[in-house]
Amino acid sequence: MIASNDHVHGSADVAPTAEIAASARVWHYAQVREDATLGENVIVGRGAYIGPGVHVGDNCKIQNYALVYEPARLARGVFIGPAVVLTNDQFPRAVNPDGSVKSATDWQPVGVDIAEGASIGANSTCIAPLKIGRWALVGAGSVVVKDVPDFALVVGSPARRVGWVGKAGHPLVRESRELWVCPVTNAKYRQTDENALMEVEN
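How each quantity is defined
- Residues numbered from 1 in each chain as written.
- Predicted model: local features only at pLDDT ≥ 70, side-chain atom pairs only at ≥ 80, totals over all residues.
- Heavy atoms only, no water.
- Helix = DSSP H or I, 4+ residues; strand = E, 2+ residues; numbered from the N terminus.
- Core = buried A, V, L, I, M, F, W, Y, C linked by side-chain atoms within 4.5 Å.
- Buried < 20%, exposed > 50% of the residue type's maximum accessible area, 1.4 Å probe, protein only.
- Contact = heavy atoms within 4.5 Å.
- Salt bridge = Lys/Arg side-chain N within 4 Å of Asp/Glu carboxyl O.
- Pairing = 2+ DSSP bridges.
- Phe/Tyr/Trp six-rings, centres within 6.5 Å; stacked < 30°, edge-to-face > 60°.

**Q** Now, about unusual backbone geometry: what can you tell me, with residues and values included?
**A** Residues Glu70 and Pro71 are joined by a peptide bond in cis, for which omega reads 5 degrees. Looking at the element boundaries, Pro71 is found in the loop between β10 (67-68) and β11 (73-74). A cis amide bond links Ser157 with the next residue in sequence, Pro158, at an omega value of 0 degrees. Here Pro158 lies in the loop between β20 (152-155) and β21 (160-164). Positive phi, close to 65 degrees, is recorded for Asp35, a residue that is not glycine. Along the chain, Asp35 falls in the loop between β4 (31-32) and β5 (37-38).

Below, the structure written as structure tokens:
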């Protein structure tokens, strides 16, 4: 249920069965579908779409005109940039082979699973099914077609890893063969193989 209409703009279309935390904000012309859940401090921007049953964790930001199709799951602190699309149809068709219009029973939705702290840059498209790792960063305008490791910086179409980012979101600087450092926080990260990075505890 909606905790408080004070936090949902009057032009927004919110299903009665959506669960929206009292501290969340849903802005102009956004649509939040049935059984979607928005955690504490979530911001849903103008014209954004949140599909049925989609889970949005605490402290997420979904910017204007982003489309988050079911069954996407966003963990805590995820950033979705303007006009991002999280798809859900692996083999899209409007009609069946016999020409009949496809119904909900004619296809199986698949989702995009985004882990804690990850960011998806403006105008990017994530082609389900896939997983975006913790604190990863997808560069603006990218098309993501395969899983993204934790802390990876990926760009392009199709998106490829071009570096690593820390929790602050800035590209990491190589300090040695295995060690990387954040130029903002000085936090250190260790690369364990070609596609794996982990934070070093101080």
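This is not the end of the story, as more comes after the structure.
**Q** For the nonpolar core, give the residues involved together with the corresponding values.
**A** Counting residues in each nonpolar core, the largest one holds 52 residues, and the members touching the most others are Val26, Ile50, Ile62, Leu74, Ile114 and Ile132. At the level of elements, β14 (112-114), β17 (130-132) and β20 are the ones that each hand at least two residues to this core. Apart from the residues within four sequence positions on either side, Val26 is in contact with His7, Val8, His9, Ala12, Val14, Ile20, Val32, Leu38 and Val44.

**Q** Go over the pattern of salt bridges, please, and point to the residues and values.
**A** Within this structure, the stated rule accounts for six salt bridges. A salt bridge links Arg33 to Glu34; the shortest N-O distance between them is 2.9 Å. Note on Arg33: relative accessible area 26%, which makes it partly exposed. Judged by its relative accessible area of 34%, Glu34 falls in the partly exposed class. Of the charged contacts, one joins Glu199 and Lys167 as a salt bridge, the two residues approaching to 3.1 Å between their closest N and O atoms. Within this pair, whereas Glu199 is found in strand β25 (residues 196-199), its partner Lys167 is found in the loop between β21 and β22 (173-174), the two being separated by 32 residues in sequence.

**Q** So what's going on with the sheet that holds β21? Which residues, and what values?
**A** Read across the open sheet, the eight strands follow the order β3-β6-β9-β12-β15-β18-β20-β21; overall the sheet is mixed. The outermost strands of the open sheet, each flanked by one partner alone, are β3 (25-26) and β21. Pairing between strand β6 (residues 43-44) and strand β9 (residues 61-62): two bridges, direction parallel. Within β9, the residue paired with Ile43 across the bridge is Lys61.

**Q** Give a description of the packing of aromatic side chains that names residues and reports values.
**A** Inspection of every chain in the model, using the stated rule, returns two aromatic pairs. Measuring from centroid to centroid gives 5.3 Å for Tyr49 and Tyr69, while their planes differ by 45 degrees, and the two rings are tilted. One end of the pair, Tyr49, is in strand β7 (residues 49-50); the other, Tyr69, is in the loop between β10 and β11, and 20 residues separate them in sequence. In this structure Tyr49 comes out as buried when scored by relative accessible area, which is 12%. On the accessibility criterion, Tyr69 (28% relative accessible area) is partly exposed. For the pair Phe151 and Tyr189, a centre-to-centre distance of 5.1 Å together with 65 degrees between the ring planes defines the contact as edge-to-face.

**Q** Please provide a residue-by-residue account of the pairing of β20, values included.
**A** Relative to β20, strand β18 (residues 137-138) runs parallel, the two being bridged by two bridges. Bridging across to β20, Leu137 finds its partner in Leu153. Two elements, β20 and β21, share four bridges in a ladder whose sense is antiparallel. If you follow Ala152 over to β21, its bridge partner there is Trp164. Joining the antiparallel neighbours β20 and β21 is a turn of four residues, in which Gly156 adopts a positive phi near 100 degrees.

**Q** Lay out the sheet that holds β17 in plain terms, naming residues and giving numbers.
**A** One open sheet accounts for six strands, arranged β2-β5-β8-β11-β14-β17; its pairing is parallel. Two strands lie at the open edges of the sheet, namely β2 (19-20) and β17, each paired on one side alone. Where strand β8 (residues 55-56) and β11 come together, two bridges link them in parallel fashion. Bridge pairing links His55 to Arg73 in β11.

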